[in-house]
Amino acid sequence: MDTRTHDFVEANRKHFNETASDYRPSKSSSELARRIARAVLRRETFDDETTEVMDFACGPGLLSQQLAPHVKSIVGVDISQGMTDIYNSFVSNQGIPPEEMRCMCVDLSTHSPQELQSGFDVVICAMAYHHFESIADMTRILTSYLKPNGRLLVVDLLKAEDIDLDVIFPEHKDNIVAHRGGFKQEDIEEAFTTCGLRLEFWPDIAVKKSGHDLRLFIAKGTREDK
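A brief report on the enclosed structure follows. Just so it is clear, the structure is predicted and the values come from calculations on it, not from any experiment. (Residues numbered from 1 in each chain as written. Predicted model: local features only at pLDDT ≥ 70, side-chain atom pairs only at ≥ 80, totals over all residues. Heavy atoms only, no water.)

### Brief notes about the nonpolar core
As a rule of thumb, nonpolar side chains are buried together in soluble globular proteins.
And then number 1: Phe56, Leu108 and Tyr129 are the most contacted members of the largest nonpolar core, which totals 30 residues.
And then number 2: Of all elements in the fold, only strand E1 (52–56), strand E2 (73–78), strand E4 (120–126), helix H5 (135–143), strand E5 (146–157), helix H7 (185–194), strand E6 (197–209) and strand E7 (212–223) reach the threshold of two or more residues within this core.
And then number 3: Counting residues in each nonpolar core, the second largest holds 27 residues, with Ala37, Phe46, Val53 and Leu63 among its members. (Core = buried A, V, L, I, M, F, W, Y, C linked by side-chain atoms within 4.5 Å. Buried < 20%, exposed > 50% of the residue type's maximum accessible area, 1.4 Å probe, protein only. Helix = DSSP H or I, 4+ residues; strand = E, 2+ residues; numbered from the N terminus.)

### Quick word on the pairing of E4
And then number 1: A large share of E4 lies buried, amounting to seven of its seven residues.
And then number 2: Pairing between E1 and E4: three bridges, direction parallel. Note on E4: the bridge partner recorded for Asp55 is Ile124.
And then number 3: Pairing of E4 with E5 involves six bridges; the strand directions are parallel. Bridge pairing links Val122 to Arg151 in E5.
And then number 4: Note on the crossover from E4 through H5 to E5: the handedness is right-handed. (Pairing = 2+ DSSP bridges. Right-handed = clockwise from strand over helix to strand, strands pointing away.)

### A short note on the side chain of Ser30
And then number 1: With respect to the helices and strands, the residue Ser30 is situated in helix H2 (residues 27–43).
And then number 2: The exposure class of Ser30 is buried, given its relative accessible area of 18%.
And then number 3: Not counting the four nearest positions on each side in its chain, Ser30 is found in contact with Pro25 and Leu62. (Contact = heavy atoms within 4.5 Å.)

### With respect to the side chain of Ser80
And then number 1: The residue Ser80 is located in the loop between E2 and helix H4 (81–93) in this model.
And then number 2: Ignoring any residue separated from it by four or fewer positions in sequence, one finds Ser80 in contact with Phe16, Asn17 and Cys105.

The values reported here are purely geometric and, on their own, carry no functional implication.
Following this line, the structure appears as structure tokens:
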């Protein structure tokens, strides 16, 4: 496949809309969301009376559900209408007011909704950066939604050497994953510093996949306003 001409946005939209049609959260995905939330809460301070959060590429909202009790409000953003509907169905079923938790179906690379432009204290993107063709462009877009001194948090796979990606990630089809195997720290550092973010980086979360020990990182970029 020629990734230079491949439309990853449309491929991901189609894939996750199809996935949403018969979606059921697995035990492993729910547990991973809990582990990511615990690690994020160790690295970032949230206030349940003031902190406003965007959960970008949120999918069905498993991470949002973990973080919601710790923040004033959380807005999920996803390109899949199917995943957006699942997210909002959970919110409605739990009786959570939409001003506290809701999801919008929008592609921020082509559209900037007015209701998001007041900005967020924290924008978080967990286990989705590897789907974006240009992490520099996506970092720039997400940084634009940070309030002064806001923080961008990215959680994804730390690139490991000498592993067989086809064995470990057979489900990572090239048509939806632009960066198979994750990222090196310097990849994230370049994207963050170019956008004026001060980077803190922790290889925080140990995971096992197909018998291999891997690690997820948390990258925290702080917007330093003079």
